[in-house]
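Read off the chains here:
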Amino acid sequence: MAANKGDSDIDDILTSEEELEKALCVLAGSDPDNCSYSKGYVKRQAVFACNTCTPNDAEPAGVCLACANKCHDGHDIFELYTKRNFRCDCGNRKFGGFHCQLNPVKEEENIRNRYNHNFSGFYCTCHRPYPDTDDQDEDEMIQCVICEDWLHSRHLGCPVVEPEELQEMVCEACMNKAPFLWTYAAHIAVPPVIQVGDAEEEVEVDIEGEDREAGQRKDEEPSSSDERTEPEEAVNRSSPGKRTHEEMTGSPAMATTKIVECKLKELQARGLERLRRGAVFWPYSWRAELCTCTSCKRAYVAAEVQFLLDQSDTILAYEKRGLHEPFGQHPLMALMNSMDRVQQLEVIYGFNELTTSISEFLEQCASEGKTVTVEAVHQLFEELQARKRRRTSDGNQ
């Protein structure tokens, strides 16, 4: 039990570099100093809700990162992660007499903003707050890329892939609002997983493979078309009908060339189906597989999912922008940029040594069944400081 508790302490205290980087670039992709209102409806930005100014029974409203830091400092703020095509509400009609300190001149309402129960502090189909003090289950929450609501993994209606393999997710409700996505799901989404009997083993169902086998069996069976007489076949071959432009212009080779005008129709023609139940996980490249013909574009607009054709709409693209072209720079990175190469290496060495020492300290406490106390932590840092003084003294000799 002690070892398990130690492992838990390590997981809670030590954050991997990748996770830290991801958390920083969510905020780094948004401007921390200037209200985003003047930029209009920003494609994607970090959004916050203020329970002090717009409590649960008020109209939902969201504020940008800069307003959360400056205008609502000390308020009851909760983070909504990122939202697409959102314009900062801070100081508009929904806030009563409260005015934005960064951009006080604003329209009364941002009519193109979309709100859900997240802005009131509730999430998932269970409509519960996060964190939920009444929920004893430690369950991961995953955001739907269409409605942008956060759902507990146990409420997705399907088993969840490993966290490190999580990709874009579309909840069942949004799949049904854009039913053509089920066709794509049968071909390019992460294969569904089902439980086998009472065992805990999970098995991936290769529907496409089963479909191929069914097709092979169908080819082996006698076809009713073979029973047709030769005259009937001849009549069918010579039946009049519309001729293609290539046929009329005498280009038979061109006439036999298959031109795919609609990817969706081509996939539908294959007859591959997927059970229309539960959320669907997609590979990050799935949006590039969507058809862009005129008919399909109209369908996207009708279902209000036209943003799926925009590769830069994804959370991954937003985080990369925040990492490479941040509005604001992390204080540690700003400090590093002001140093020469020797100083930078010294800081990196010190940081790595600190991380390793804390990890070893916690692992030792776990293996020996010791409780991590304040006194023990203080002693650890005193030893680190003494080690640094010895290293500095040796370097000066």
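Numbering of residues begins from 1 in every chain and follows the order in which that chain's sequence is written. Where totals are concerned, whole chains, interfaces and linings use all residues; where local detail is concerned, this predicted model gives features only for residues with pLDDT of at least 70, and gives and counts side-chain atom pairs only at 80 or more. Calculation of side-chain values draws on the structure's entire complement of heavy atoms; hydrogens and water are dropped beforehand.

A. Examining the overall build of the protein more closely. For helices the rule is a DSSP run of H or I covering at least 4 residues; for strands it is a run of E covering at least 2, with both sets numbered from the N terminus onward. In terms of regular secondary structure, the protein is built from 15 helices and 10 strands. Counting only contacts in the protein whose residues sit at least 6 apart along the sequence, the fraction spanning at least 24 positions is 70%. Note on areas: Shrake-Rupley, 1.4 Å probe, and residue coverage restricted to the protein chains presented here. If you sum the accessible surface of the protein, you get close to 25600 Å²; carbon and sulfur atoms cover 51% of it. Should any heavy atoms of two residues lie within 4.5 Å, those residues are considered in contact.

B. Representation of the confidence of the model for the protein. Averaged over every residue, the pLDDT of the protein is 76; residues scoring 70 or more account for 65%. On a range of 0 to 100, pLDDT expresses the predictor's confidence in each residue. Considering only residues more than four positions removed or in separate chains, one finds that residues 1-16, a stretch of pLDDT under 50, has 10 contacts. Within the model, the stretch residues 194-257 combines pLDDT values under 50 with 38 contacts to residues more than four positions away or in other chains.

C. Local environment of the packing of aromatic side chains. To pair, rings of Phe, Tyr and Trp, with the six-membered ring standing in for Trp, must have centres within 6.5 Å; the planes then decide the type, stacked if under 30 degrees apart, edge-to-face if over 60, and tilted in the middle. All told, the structure shown has 7 aromatic pairs when counted by the stated rule. Here Tyr81 and Trp150 contribute two aromatic rings whose centre-to-centre distance is 5.3 Å and whose plane-to-plane angle is 80 degrees, an arrangement assigned as edge-to-face. One end of the pair, Tyr81, is in strand E2 (residues 77-86); the other, Trp150, is in strand E6 (residues 150-152), with 69 residues separating them in the sequence. Residue Tyr81 shares its accessibility class with Trp150, and that shared class is buried. Ring pairs connect the aromatic residues Phe86, Tyr115 and Phe119, which therefore count as one cluster. Throughout this description, the term charge over a ring refers to an Arg CZ or Lys NZ atom that lies within 6 Å of the ring centre and within 35 degrees of the ring normal. One cation-aromatic arrangement involves Arg84 over Phe307; the distance from NZ or CZ to the ring centre is 3.6 Å. For Arg112, the ring lying beneath its charged end belongs to Tyr41, and the centroid distance is 4.3 Å. Note on classification: 1.4 Å probe, protein chains only; a residue is buried when its accessible area is under 20% of the maximum for its type, exposed when over 50%, partly exposed between these limits.

D. The arrangement of helix H5 (residues 181-188) in detail. Burial of H5 is extensive: 7 of the 8 residues sit out of reach of the surface. Among the residues of H5, Leu181, Trp182, Thr183, Tyr184, Ala185, Ala186 and His187 are the ones counted as buried.

E. Representation of the nonpolar core. The term nonpolar core refers to a set of buried residues drawn from Ala, Val, Leu, Ile, Met, Phe, Trp, Tyr and Cys, joined through side-chain atoms within 4.5 Å. Ile146, Leu181, Tyr184 and Trp282 are the most contacted members of the largest nonpolar core, which has 49 residues in total. For Trp282, the contacting residues outside a window of four places in its chain are Gln167, Glu168, Val170, Met175, Leu181, Tyr184, Ala185, Ile188, Ala189 and Val190. With 19 residues, the next largest nonpolar core counts Cys35, Leu65, Ala68 and Cys90 among its residues.

F. The side chain of Arg44, seen in detail. Within the element layout of this structure, Arg44 appears in strand E1 (residues 42-50). Overall, the relative accessible area of 5% leaves Arg44 in the buried class. Among the polar contacts made by the side chain of Arg44, one reaches the main-chain carbonyl oxygen of Asp313 at a distance of 2.9 Å. Residues adjacent in sequence count toward polar contacts only when both atoms are side-chain atoms; beyond that, a polar contact is any pair of N or O atoms within 3.5 Å, and within protein one must be able to donate a hydrogen and the other to accept it.

G. The arrangement of the pairing of E1 in detail. Counted residue by residue, E1 has 8 buried out of 9 residues, so it is predominantly covered. Whether two strands pair depends on DSSP finding at least two bridges between them. As paired strands, E1 and E2 are joined by 7 bridges and run antiparallel to one another. The partner of Gln45 across the bridge, within E2, is Lys83.

H. The arrangement of the environment of Thr314 in detail. Relative to the helices and strands, Thr314 resides in the loop between helix H11 (294-302) and helix H12 (315-324). The class of Thr314 is buried, set by a relative accessible area of 8%. Sequence separation of Thr314 and Val145 is 169 residues, and the distance between their C-alpha atoms is 7.8 Å. Discounting residues that sit within four places of it in the chain, Thr314 has contacts with Arg44, Glu168 and Arg287. Polar contacts involving the side chain of Thr314 include one to the main-chain amide nitrogen of Ala317, which spans 3.1 Å.

I. Focus on the side chain of Asp313. Mapping Asp313 onto the fold places it in the loop between H11 and H12. Take Asp313: its relative accessible area is 2%, and that puts it in the buried class. Setting aside residues up to four positions removed in sequence, Asp313 forms contacts with Arg44, Arg84, Arg287 and Phe307.

J. Inspection of the pattern of salt bridges at higher detail. Here a salt bridge means any side-chain nitrogen of Lys or Arg lying within 4 Å of a carboxyl oxygen belonging to Asp or Glu. Using the criterion set out here, one finds 16 salt bridges in the structure. Linking Lys70 and Asp33 is a salt bridge whose minimum nitrogen-to-oxygen distance equals 3.8 Å. With Lys70 in helix H3 (residues 65-70) and Asp33 in the loop between helix H2 (17-28) and E1, this residue pair connects regions lying 37 residues apart in the sequence. The exposure class assigned to Asp33 is partly exposed, which follows from its relative accessible area of 44%. With its nearest N and O atoms 3.4 Å apart, the salt bridge here joins Asp134 to Arg128. Residue classification places Asp134 among the exposed residues on the basis of a relative accessible area of 61%.

K. Inspection of unusual backbone geometry at higher detail. Following Tyr130, the chain continues into Pro131 via a peptide bond in cis, with omega recorded as -5 degrees. Tracing the backbone shows Pro131 in the loop between strand E4 (128-129) and strand E5 (141-143). Unusually for a residue other than glycine, Asn85 sits at a positive phi of about 45 degrees. Judged by its relative accessible area of 35%, Asn85 falls in the partly exposed class. Look at His127: it is not a glycine, yet its phi comes out positive at around 55 degrees. For His127, the position within the fold is in the loop between strand E3 (122-123) and E4. Judged by relative accessible area, His127 falls into the partly exposed class, the value being 41%.

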